[in-house]
Amino acid sequence: MADEVVLLDLKVSPFAARVRIALEEKGISYESKVEDLSNKSSTLLKMNPVHKQIPVLIHNGRPICESMIIVQYIDEVWSHKSSLLPSDPCRRAHARFWADYIDKKIYPIGRNLWASEGEVKESSKKDLVECFKVLEEELGEKPYFGDESFGYIDLALVPFYTFFYTFEILGELSMVAEFPKLVGWGERCLQKETVSKSLSGQKEVYEIILQIKQKLGIQ
Amino acid sequence: MDERKYNMAEEVKVFSTWASPFALRVIWALKLKGVEFDTVHEDLINKSPLLLQYNPIHKKVPVLVHDGKVICESLVILEYIDETWKQNPLLPEDPHQKANARFWAKFGDDKVMQSIGGGVLLKEGKEQEEGFAASMENLKYLEEEIRGKKFFGGETIGLADIALGWLAHYLDIVEEIVGLKLIDQEKFPSLAAWKQEFANAPIIRENWPDRDKLVTKYVVVREANLGKGTPK
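So, here's what we can say about the structure. (Residues numbered from 1 in each chain as written. Chains lettered and ligands numbered in written order. Predicted model: local features only at pLDDT ≥ 70, side-chain atom pairs only at ≥ 80, totals over all residues. Heavy atoms only, no water.)

1. Side note on the sheet that holds strand β2 (residues 38-41) of chain B
Residues and elements named next belong to chain B.
Line of reasoning, step 1. Strand order in the open sheet formed by four strands is β2-β1-β3-β4, and the pairing between neighbours is mixed. Each edge of the open sheet is held by one strand with a lone partner, namely β2 and β4 (69-72). Between one strand axis and the next, the sheet turns by 20 degrees as a mean value, whatever way the strands run.
Line of reasoning, step 2. Pairing analysis gives four bridges linking strand β3 (residues 63-66) to β4, with the strands arranged antiparallel. Along β4, the bridge assignment pairs Val-65 with Val-70.
Line of reasoning, step 3. Strands β1 (12-16) and β3 of the sheet are contacted by helix α1 (residues 21-32), whose axis makes an angle of about 155 degrees with β1.
Line of reasoning, step 4. Here helix α3 (residues 74-84) sits on the sheet and contacts β3 and β4; the angle it forms with β4, its principal contact strand, is near 135 degrees. (Pairing = 2+ DSSP bridges. Helix = DSSP H or I, 4+ residues; strand = E, 2+ residues; numbered from the N terminus. Axes fitted to C-alpha atoms, helices over the stretch in contact; angles between N-to-C directions. Contact = heavy atoms within 4.5 Å.)

2. Some words on the packing of helix α4 (residues 95-121) of chain B against helix α7 (residues 170-178) of chain B
In a pair of packed helices, the angle between the axes and the distance between the axes together describe the arrangement.
All names here are of chain B.
Line of reasoning, step 1. At their nearest, the axes of α4 and α7 sit 11 Å apart, and the two run at 15 degrees to each other. Considering their axes alone, α4 and α7 lie roughly parallel with respect to each other. In the packing of α4 onto α7, the handedness of the crossing is left-handed. Every residue of α7 that contacts α4 at Ile-116, Val-120 and Leu-121 is listed here: Leu-171, Val-174, Ile-177 and Val-178.
Line of reasoning, step 2. Here the contact of α4 with α7 is built from residues that sort into seven nonpolar, no polar and no charged. (Parallel < 35°, antiparallel > 145°, perpendicular 65-115°, else oblique. Left-handed = near helix turned anticlockwise from the far one by under 90°. Nonpolar A, V, L, I, M, F, W, Y, C, P; charged D, E, K, R; others polar.)

What follows is the structure in structure tokens.
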């Protein structure tokens, strides 16, 4: 029986991008169904009734929700190639820890940076810079967070690389000056076709963020 | 299957505090698997240099140290424990069921704890009403998920039970302090039944922190947040 794999998707979502990258890494054929979040499909509401959010992976009719939970599912089901998580429990824990850090920090703080004004924006900028410092240090001299090859942590973070231009403009930062290792890492990841075909360009992300800001009435 | 009933040559340490529901998860998991360990009791006002060395990013408990390997973040630690000591598994083999368990554990931390802790315990007035309404929504989802099952993990305690387990003890305390009933037997009969089942399960029932001490502690935390008391 052929596998039926459907992804409830959204181009600019970093969370959906993680799943796209994982599917590409494993060479899985899938159907991408792009959602309009202002008019959510009945499929989305049925498959993710709790959060009503993308991404949702539907595998042979059964839904899996939450991006890094989906990524682990993909890694476990299609275990024959391109392991995303290491096999050693300690290294797996290390990977999960950093994916959790990225989830707790980069998205919400980054969002506050582009979606707020005044003091909230300023303090978000400070917090985001601190987080990137931590990640820059964790990366160190390694080519990838997973060490020699692209892995779970890299996959968790790389969609946020496409937000670097947005952070620079709206946060008045220079990512390459302050975080040269992270920028180098991002460029290295984009050399991989599985990553580059799954991500939007930095300028494209910026344009979309501007549109969202306009809709929400934020300066 | 590699069964390690005895961990004689291993050194397992858990950094915890008496009140932490997160550290409690780790203690439950180790005890459910019959793993011997030492507890290092931390005082969060005066964190030990070792804790700061082991968890420089978050500076929090729990931390698990296993033969020199350091693991932080309770849900990450639970998965490590399950992968290292295979007896009494916390997660099922089937990837879809595994994903489901992880989903509910995450829902507990991201939504349930936020709405009950942040939205009800630490608020009053209109804000508390909103927190209460959000909590009710979240509990509804849990009610639907637990219906027809003894535990979230099925017949035995699993990852989601351990992650949501704080509801079986800490919630009563919140309810007492704020004078509101959250897991009402009539509204959420299956969840109320799970609470009883879990609270009285072997191992779980022997490790609850002192109820009166917790009430005192959370009253102070609530009042500090409302600006009524001196902050810690």
